[in-house]
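# Fold and geometry: a report
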Amino acid sequence: MTPQQPRTELDARYSSALNPRPGAQDVTATDWAEAQRRMRDAEVFWITTVRPDGRLHVTPLIAAWHDGALHFSTGRGEQKAKNLAGNPRCALTTGHNSLSEGLDIVIEGTAERVTDPARQEEVIAAFEEQYADHITSPEGTFFGFGDHIRGGDDLLFAVAPATAYSFGHDGRVFSHTRFTFQDVRR
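All figures in this text were calculated on a predicted structure; none of them were measured in a lab.

What the protein contains, in helices and strands, is five helices and nine strands. Counted from the first residue to the last, the protein has its helices and strands arranged as β-α-β-β-β-β-α-β-β-α-α-α-β-β. Per-residue burial over the protein gives 43% buried out of 186 residues. Look at the contacts in the protein between residues 6 or more apart in sequence, and 65% of them connect residues 24 or more apart. When the accessible area of the protein is evaluated, it comes to approximately 10,100 Å², of which 49% is carbon and sulfur surface.

In this fold, leucine 156 is placed in strand E8 (residues 154-170). Its relative accessible area of 1% is what places leucine 156 among the buried residues. Residues leucine 156 and threonine 115 lie 41 residues apart in sequence; the distance between their C-alpha atoms is 7.4 Å. Beyond its immediate stretch of four places on either side in the chain, leucine 156 contacts Phe72, Ser73, Glu112, Arg113, Val114, Gln120, Val123, Phe127 and Ile149.

The next subject is unusual backbone geometry. A positive phi angle, near 55°, is found at aspartate 67, a position not held by glycine. The residue aspartate 67 is located in the loop between strand E4 (64-66) and strand E5 (69-75) in this model. Among the residues examined, aspartate 67 registers a relative accessible area of 28% and is labelled partly exposed. In this model, alanine 132 sits at a positive phi of 45°, which is unusual for a non-glycine residue. Note on placement: alanine 132 falls in the loop between helix H3 (117-131) and helix H4 (133-136).

Once that is clear, we can look at the pattern of salt bridges. All chains considered together, the criterion is met by eight salt bridges. For glutamate 78, the salt bridge goes to lysine 80, with nearest N and O atoms at 2.7 Å. Taking the relative accessible area as the measure of exposure, glutamate 78 reaches 36% and is therefore partly exposed. Taking the shortest distance from any N to any O, the salt bridge between aspartate 147 and arginine 150 comes out at 3.0 Å. In this pair, aspartate 147 and arginine 150 are both assigned in helix H5 (residues 145-150), three residues apart and thus about one turn of the helix distant. Take arginine 150: its relative accessible area is 41%, and that puts it in the partly exposed class.

The rules behind these values
Residues numbered from 1 in each chain as written. Predicted model: local features only at pLDDT ≥ 70, side-chain atom pairs only at ≥ 80, totals over all residues. Heavy atoms only, no water. Helix = DSSP H or I, 4+ residues; strand = E, 2+ residues; numbered from the N terminus. Buried < 20%, exposed > 50% of the residue type's maximum accessible area, 1.4 Å probe, protein only. Contact = heavy atoms within 4.5 Å. Areas by Shrake-Rupley, 256 points an atom, 1.4 Å probe, with all protein chains shown as cover. Salt bridge = Lys/Arg side-chain N within 4 Å of Asp/Glu carboxyl O.

These values are about where atoms sit, not about what they do.
As structure tokens, this is what we get:
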């Protein structure tokens with residue numbers, strides 16, 4: 001998978017640029033490199049999938065940004081796996097639960113199974129780097145993560161963004177950036 005550079009634009013409708021406050025004149029679009037760094041530093045993500053009857057399913061999970069895509073795993077019998085089998089479109093979010101600071105990120109795209117063993121190993125290594133002892137230590141919450149993927153007990157997915165958003169909040173100054181990728185799947 002080749003990482004893409006998106007078209008980046010500040011959406012003034014939802015940014016402090018339209019509602020000037022002290023500091024708002026300096027509001028700029030979030031740099032894609034900064035958004036990627038925040039995803040690599042995040043610990044908890046939320047995934048939204050669609051059930052066969054159209055109802056949404058939202059659940060927290062761990063995810064790792066690697067090679068231009070956000071990766072996550074799930075057990076074969078879990079609701080998100082069932083939902084993705086019927087409709088692979090999904091959204092993953094992460095951020096900071098505060099109005100006074102942070103950057104929230106939303107990735108929208110299509111979940112694709114990662115079945116190539118070499119690529120699985122790359123992604124497992126990315127998880128181990130991001131989550132460290134949570135995955136590598138026998139006392140870790142997700143110990144055995146890689147073995148479950150290698151053994152086929154858990155499915156590994158990649159979501160390359162079709163569209164992404166960042167929502168920055170710094171005191172009373174807000175920004176809303178839209179990242180549009182050329183290879184948008186419909």
